[in-house]
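What the coordinates show
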Amino acid sequence: MVRMTGGPVTVRIRVAPAGLLLVAAAAAWVWMVTRWGSMQAMPGTMGLGLAAFLAVWTLMMTAMMLPATAPVAALYARTITVHRASRMVVFTVSYLLVWAAAGLPAYALAVGLGRAARLPPVAGTAVAAAVFAVSGVYQLTPLKDRCLARCRSPIGLMLRYASYPATSRDLRAGAHHGAFCLGCCWSLMVLLAAFGVMNLWAMVVLAAVITAEKLAPVGRLVARAVGIASIVLAVAVFWVPALAPGLTGGGMAGM
């Protein structure tokens, strides 16, 4: 914003909250590509301990989830009149903490699936089919629809957040929205176990799917199409094990 006065011209630059989230997501993507972009697809936890896995997982969620969350953050920021920047930091950190906590069951799942990948190929293929099937079926459930509807139409959430006590509003609002996003998108994150947790191409495609589900006019159709495609993959993986390199060892080429 440019303010004209009798003295020197004063220029104020305001960066929208949505822009800040996109910058954070871009930084996370840059880190992922430069740090992990040349590694091969590996099953399980990629040899990482719990703390390191949670750190990488949180960066992955920052890269994949913040772009689709930016419009909701911008809407929430419009309800804030003072200390907007610091309060939006609290909102965003609280949102990401939900996904960081989801890294605990993700780590346990990765450990179990990493062991499954060392079983005979037929067993690994069967586990991959189960992963695809679970993800696909959930995409078609009413719970998925409910969580997606809240993410797509957050006006009602804004009214709910306005009723929270001022001292904890940003923390609770970020966590509440994060919980709905987790309910909406966990089934897509499970697919990373089949494709390889650090498969950057899979991350890019899934991030695009998440953004389309939440922001595109045909988002609900996208969710259902992905569910049907996952169920098809659950069958096709028996004929083409390379569809699930994170569990069957197929397609272990560098990314």
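Please refer to the structure higher up on the page.
Residues numbered from 1 in each chain as written. Predicted model: local features only at pLDDT ≥ 70, side-chain atom pairs only at ≥ 80, totals over all residues. Heavy atoms only, no water.

**Structural notes on a positive patch on the surface**
- The grouping of Arg146, Arg150, Arg160 and Arg172 at the surface amounts to a positive patch.
- Counting through the fold element by element, Arg160 comes out in helix H6 (residues 155-162).
- Looking at Arg160, the relative accessible area reads 43%, which means it is partly exposed. (Patch = residues over 30% accessible without salt bridge, like charges linked within 9 Å, V, L, I, M, F, W, Y side chains within 5 Å. Areas by Shrake-Rupley, 256 points an atom, 1.4 Å probe, with all protein chains shown as cover. Salt bridge = Lys/Arg side-chain N within 4 Å of Asp/Glu carboxyl O. Lys, Arg positive; Asp, Glu negative; His and termini not counted. Charge placed at Lys NZ, Arg CZ, Asp CG, Glu CD. Helix = DSSP H or I, 4+ residues; strand = E, 2+ residues; numbered from the N terminus. Buried < 20%, exposed > 50% of the residue type's maximum accessible area, 1.4 Å probe, protein only.)

**A few points about helix H9 (residues 219-236)**
- Here H9 contains 18 residues, and its C-alpha end-to-end distance of 25 Å stays within 8% of the 26 Å for a straight helix at 1.5 Å per residue.
- Inspection of H9 places Gly219, Ala223, Val226, Gly227, Ser230 and Ala234 among the buried residues, and these make up the whole buried set. The buried residues of H9 all sit within an arc of 105 degrees when viewed along its axis, so they share a single face.
- Looking at the packing, one finds that the buried side of H9 touches helix H4 (121-139), helix H5 (142-152), helix H7 (169-195) and helix H8 (200-215). (Expected span 1.5 Å × (residues − 1). Arc of directions from axis to C-beta. Contact = heavy atoms within 4.5 Å.)

**Focus: the pattern of salt bridges**
- Counted by the stated rule, this structure contains 4 salt bridges.
- Notably, a salt bridge pairs Arg87 with Asp170, separated by 2.8 Å at the nearest N-O pair. With Arg87 in helix H3 (residues 84-117) and Asp170 in helix H7, this residue pair connects regions lying 83 residues apart in the sequence. There is no split in this pair, since Arg87 and Asp170 are both buried.
- When the shortest N-O distance is used, the salt bridge between Arg220 and Asp145 registers 3.6 Å. Here Asp145 lies in helix H5 and Arg220 lies in helix H9, a separation of 75 residues in the sequence.
- Among the residues examined, Asp145 registers a relative accessible area of 15% and is labelled buried.

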